[in-house]
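A look at the structure
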Amino acid sequence: MAEEECELNEKQKREIAKWFLLNSPAGEIQYIAKDLRSVLNDEKVYNEAASEAFPLYNKSHLIFLELPNRSGDVLVTSYNELEENEFLDPRTALVATVDHVKQVCTDVRPAADEELSSPYIEEFRCALDAEMLKYVAEAYPKGICSVYCVDGKDVEGPGSNFELVVVISAAKNSPQNFCNGSWRSVWNIEFKEDVQMLEVRGKLQVGAHYYEEGNVQLDAKYECKDATIFQAPDDCAISIANIIRHHEAEYLESLEASYSNLPDTTFKDLRRKLPVTRTQFPWHNTLQFSLTRDIQKELGIDK
Amino acid sequence: MEAAMGLMRRIHPKQSETALSALLSLLPHHSSDLLSQVDQPLQVLCDLESGKEYILCEYNRDADSYRSPWSNKYYPPLEDALYPSSELRKLEVEANEVFSIYRDQYYEGGISSVYMWEDDNEGFVACFLIKKDGSKTGQGRRGHLQEGAWDAIHVIEVGPEEESIAHYCLTSTIMLSLTTNDESSGTFSLSGSIRRQMSMDLSVADGHLCNMGRMIEEMEGKLRNSLDQVYFGKTKEMVCTLRPPSEVVLRLPTADMP
């Protein structure tokens, strides 16, 4: 490396570029991309990095894109990915083709039968989807959700276990106010026929970024479990929706509590608002060096 | 360079070290600009002579050695190194003592260091640094934080005295992060950095140390409040915009959230 004046090779540059893209806060990857291209000054390396980083970023951030024929939005997740840029929307039985780097939906086609769940599974999936739509519409000003079958989609009838996943994604981008945020919920529901139980596991992730003359970020994560009995599709759907509604509301409350505790409790472990004396520091006593000892007496410190 | 600063504003504060070293390797010609404009968490060395720790920064560095404010020696030892004048060193010693008490009062622990040096304009520059580990395994008194760090850098340019008034220009940077972790609320993590400036013309009757100390105390208070109410508050507002608390939803089912 010394003889090339510490010039990085292409592979190293590409890895750095990928790192910046993958670590962009929610809703900011396009801004990061723009600055990155400027710093990198190498279109070839940028394009290679982007083609690798964007799909990973999009799936992990659960981004949603408008379907071209205005039938709604399609979520980009690892649960509904058919090919690297084909994503299934079971509600409309459409498959969207996605340009990851531009973050747009470029094409749409009807889903083939083998890409959809069996009618038996679809009953459960559809009922849950309907309940989730109701829940998301009432709890989130702008949230997108979907239900996918991640295991057992070809199960024909009772007798086998299967697994559905509920994905909820909400985002608010206000770059003009220097503030962006995202809420991601992923709920895995295992339908265990053998024990007639449903096991529910939730993973919630909330992020916010405020950067007006500063840079502050929130990262919050939460996991929980619950269970309910195996019932008919409509009843399962209602139970699951209630479980999700309950846990998400509780989590929001605990987030608010964490914020309320900040000024007087958590933040205090870093820096107090005022010393124990409840007065500001007596700097005026620093006129003479030896008075350092007097300050200690005044403040009641026993050294 | 503007693009580089743009990236630093967006990347998570906890990853700023990785981001900076990536930028330094991509833009080697801009390294001095990057190093001076991008804030990094403070590093610490131990002064073996006094057994005390001291904070490292550009202002006590010469080549690859750092000067301890306790012993006034460089580690690793350095020949022909830069030192403040003996007069300024006296002020520096006093500043370190007093600032140490200030630090203890507000931070209940942590490490502080003060460095001073003459500048070209017949004035001097002083740098006050604080590093606090507030985690429960560190010096967090109440054990709330699984992880907690506060790094403060205050650089004051003091102009020459004119008719017993001196001009003070303070640039302060605070970098902090805190994480709480428990069963009922999962992992909650806030991190951030902000930088502000304050200039004042003050009488030197009370002495430089008193003037600088008061400015720093006022600035730290303002920044702590700002972080808490404005910055953290904005992130909370954002969360409530994404998913309003249930009471709000029930009352105003069709409200348009700002």
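We now turn to the structure provided with this report.

Cut-offs applied
Residues numbered from 1 in each chain as written. Chains lettered and ligands numbered in written order. Predicted model: local features only at pLDDT ≥ 70, side-chain atom pairs only at ≥ 80, totals over all residues. Heavy atoms only, no water. Helix = DSSP H or I, 4+ residues; strand = E, 2+ residues; numbered from the N terminus. Rg over C-alpha atoms; globule rule 2.2 N^0.38 Å. Buried < 20%, exposed > 50% of the residue type's maximum accessible area, 1.4 Å probe, protein only. Contact = heavy atoms within 4.5 Å. Areas by Shrake-Rupley, 256 points an atom, 1.4 Å probe, with all protein chains shown as cover. Lys, Arg positive; Asp, Glu negative; His and termini not counted. Charge placed at Lys NZ, Arg CZ, Asp CG, Glu CD. Salt bridge = Lys/Arg side-chain N within 4 Å of Asp/Glu carboxyl O. Phe/Tyr/Trp six-rings, centres within 6.5 Å; stacked < 30°, edge-to-face > 60°. Pairing = 2+ DSSP bridges. Axes fitted to C-alpha atoms, helices over the stretch in contact; angles between N-to-C directions. Buried area = accessible area lost by both parts, 1.4 Å probe. Polar contact = N/O pair within 3.5 Å; in protein donor to acceptor, adjacent residues only side chain to side chain.

Check the secondary structure of chain A and you find six helices and 11 strands. Taking 19 Å as the expected radius of gyration for a compact globule of 303 residues, we find that chain A reaches 26 Å, considerably beyond that expectation. Oriented by its inertia axes, the alpha-carbon framework of chain A measures out at about 90 × 60 × 35 Å. Burial analysis of chain A (303 residues in total) assigns 52% to the buried set. Within chain A, residue pairs in contact and separated by at least 24 positions form 52% of the contacts whose partners lie at least 6 positions apart. Here chain A has roughly 14,300 Å² of accessible surface; of this, 47% comes from carbon and sulfur atoms. Between the averaged position of the 32 positive side-chain charges in chain A and that of its 53 negative side-chain charges there is a distance of 9 Å.

Counted under the stated rule, the structure contains 33 salt bridges over all chains. Among the ionic pairs, arginine 109 of chain A bridges to glutamate 115 of chain A, the shortest N-O distance being 2.9 Å.

Here we come to the packing of aromatic side chains. Residues and elements named next belong to chain A. In the structure shown here, the tally under the stated rule is 27 aromatic pairs over all chains. A ring pair is formed by phenylalanine 124 and phenylalanine 191, whose centres lie 5.5 Å apart and whose planes are at 70 degrees; its orientation type is edge-to-face. Taken together, the residues span a long stretch of sequence, with phenylalanine 124 in helix 4 (residues 119-139) and phenylalanine 191 in strand 9 (residues 179-192) at a distance of 67 residues. Both residues of the pair, phenylalanine 124 and phenylalanine 191, count as buried.

This part covers the sheet that holds strand 6 (residues 104-110) of chain A. Residue and element names in this part refer to chain A. Pairing in this open sheet of four strands is antiparallel, and the strands run 3-4-5-6 from one edge to the other. In this open sheet, the two edge strands, each paired with only one partner strand, are strand 3 (81-83) and strand 6. Neighbouring strand axes in the sheet, compared pairwise and without regard to direction, differ in orientation by 35 degrees on average. Sheet topology places strand 3 next to strand 4 (residues 86-89); two bridges connect them, and they run antiparallel. Bridge pairing links glutamate 81 to phenylalanine 87 in strand 4.

Contacts between the two partners involve 82 residues from chain A and, on the opposite side, 89 residues from chain B. Taken over both partners, the interface formed by chain A and chain B buries close to 7,900 Å², and the fraction arising from carbon and sulfur atoms is 65%. Sorting the residues of chain A by area buried against chain B places Leu270, Arg271 and Trp283 of chain A first, and these three jointly supply 12% of that buried surface. Along the contact surface separating chain A from chain B lie four salt bridges. Put simply, chain A and chain B have 34 residue pairs in polar contact (both at pLDDT 80 or more) between them.

So, about the environment of cysteine 127 of chain B. Residue and element names in this part refer to chain B. Mapped onto the secondary structure, cysteine 127 falls in strand 7 (residues 124-133). Under the relative-accessibility criterion, cysteine 127 is labelled buried at 0%. Spatially, the C-alpha atom of cysteine 127 lies 41 Å from that of threonine 241, the residues being 114 residues apart in sequence. If we skip the residues at most four places from it in the chain, cysteine 127 touches Cys57, Tyr59, Ser113, Val114, Tyr115, Trp117, Ile153, His154 and Val155.

Trans peptide bonds make up the majority, and among non-glycine residues the majority have a negative phi. In this chain, tyrosine 75 of chain B is followed by proline 76 of chain B through a cis amide linkage whose omega measures -15 degrees. One non-glycine residue, glutamine 103 of chain A, adopts positive backbone phi at about 55 degrees. In this structure, glutamate 213 of chain A takes a positive phi of about 50 degrees despite not being glycine. Looking at where glutamate 213 of chain A falls in the secondary structure, it is placed in the loop between strand 10 (197-210) and strand 11 (215-229).

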